Amino acid sequence: MKAPRVLLLTAVAWAVVAQNPEHDAPSAVTRIVEGAAVTARHVPEGTPREAPVLRFTVVECVDRAMEESPRLHSAAWDVEAAEARAGQARSPFFPEISASSVYTRLDDVPSIGPLGAAMLGDWGAGDRTTRTDRFTVDQVFFAGGSVVAGARAAAHMAKSQSWQRQAVEDQVVFEVRQSFYDCLLAESLVRVAESSVAAFDRHEEDTRRKLEAGLASEFELLRAQTEREARRSGLV
């Protein structure tokens, strides 16, 4: 039973890596899947008892992957960056407004008189302070079509990133569902292999009893044992 446990844990890992109603399975499939559950057991080292059982449906696995997938988060950030660049490319269509103000104040400059006393220089009459205010508006009226072309290219790039995010989302959903059903298939195959091994165990026991009763040869017993071990190898 080691193989199915590894596969089941793989499905749980995919669930951690997917609430988007667009990717819910069709109603016919959903009714089938809701009755199925993937069971994963994790037994820490030194724990004598088996840990609690975790059960996930395919819908729960997809939902968790949609919420926690690093690839989806990265794709969403790429979309945001592309939209920001598209907004930046549209900025020349709008006027650029700037304002500034400069204030200057001139103080009296002291000078040395003939008697060594400090005196204030005579600057004469008039205002000794100045203030300059500036308000400008810049607007691009013609740039040879480069502004329009750049804005269109940035808008197309943003739309492309959005489509790429949708593609990543579809890929994550597909991989989660594929892993989920692969686990169910592996679990079913293990049950079939266990039934086959049990059948060949009974066959080997019957052959041994026949040998003891003189109704079978050692070759038949050896063949029964070989066939049983061949079936057991499928469970490893």
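Concerning the environment of Val 102
Point 1. Within the secondary structure layout, Val 102 lies in strand 3 (residues 96-105).
Point 2. By relative accessible area, Val 102 is classed as partly exposed at 49%.
Point 3. The spacing of Val 102 and Thr 132 is 30 residues in sequence and 4.9 Å in space, taken between C-alpha atoms.
Point 4. The contacts of Val 102, once residues within four sequence positions are left out, are Thr 130, Arg 131 and Thr 132.

Comments concerning helix 6 (residues 218-232)
Point 1. Here helix 6 contains 15 residues, and its C-alpha end-to-end distance of 21 Å stays within 8% of the 21 Å for a straight helix at 1.5 Å per residue.
Point 2. Within helix 6 the residues assigned to the buried category are Leu 221, Ala 224 and Arg 228. Buried residues in helix 6, looked at end-on, bunch into an arc of 60°, giving them a common side.
Point 3. Buried-residue contacts for helix 6 involve helix 5 (146-212).

Describing the confidence of the model for the protein chain
Point 1. For the protein chain, per-residue confidence averages 75 on the pLDDT scale, and residues scoring 70 or more make up 69% of the total.
Point 2. Here helix 2 (residues 27-34) stands out as the least confident element of the protein chain, with mean pLDDT 37; helix 4 (residues 70-90) is the most confident, with 91.
Point 3. Across residues 118-126, where pLDDT falls below 50, the model places 14 contacts with residues more than four positions away in sequence or in other chains.

Comments concerning the environment of Asp 138
Point 1. Inspection of the secondary structure assignment puts Asp 138 in strand 6 (residues 129-138).
Point 2. Each C-alpha atom of the pair Asp 138 and Pro 92 lies 9.6 Å from the other, and the pair is 46 residues apart in sequence.
Point 3. When neighbours within four sequence positions are excluded, Asp 138 is seen to be in contact with Pro 95 and Glu 96.

Points about the pattern of salt bridges
Point 1. The final tally for this structure, using the stated rule, is ten salt bridges.
Point 2. Arg 71 serves as the salt-bridge partner of Glu 175, at 2.7 Å between the closest nitrogen and oxygen. Separated by 104 residues along the polypeptide, Glu 175 in helix 5 and Arg 71 in helix 4 bring together distant segments of the chain.
Point 3. Residue classification places Arg 71 among the partly exposed positions, given a relative accessible area of 36%.
Point 4. Notably, a salt bridge pairs Arg 228 with Glu 204, separated by 3.4 Å at the nearest N-O pair. Of this pair, Arg 228 sits in helix 6 while Glu 204 is found in helix 5, placing the two residues 24 residues apart along the sequence. Across the pair, Glu 204 and Arg 228 agree in class, each one buried.
Point 5. Three or more residues are tied together by salt bridges with common partners; here these are Asp 201, Glu 204, Arg 208, Arg 228, Glu 229 and Arg 232.

Reading the values: the criteria
- Residues numbered from 1 in each chain as written.
- Predicted model: local features only at pLDDT ≥ 70, side-chain atom pairs only at ≥ 80, totals over all residues.
- Heavy atoms only, no water.
- Helix = DSSP H or I, 4+ residues; strand = E, 2+ residues; numbered from the N terminus.
- Buried < 20%, exposed > 50% of the residue type's maximum accessible area, 1.4 Å probe, protein only.
- Contact = heavy atoms within 4.5 Å.
- Expected span 1.5 Å × (residues − 1).
- Arc of directions from axis to C-beta.
- pLDDT = per-residue confidence, 0-100.
- Salt bridge = Lys/Arg side-chain N within 4 Å of Asp/Glu carboxyl O.

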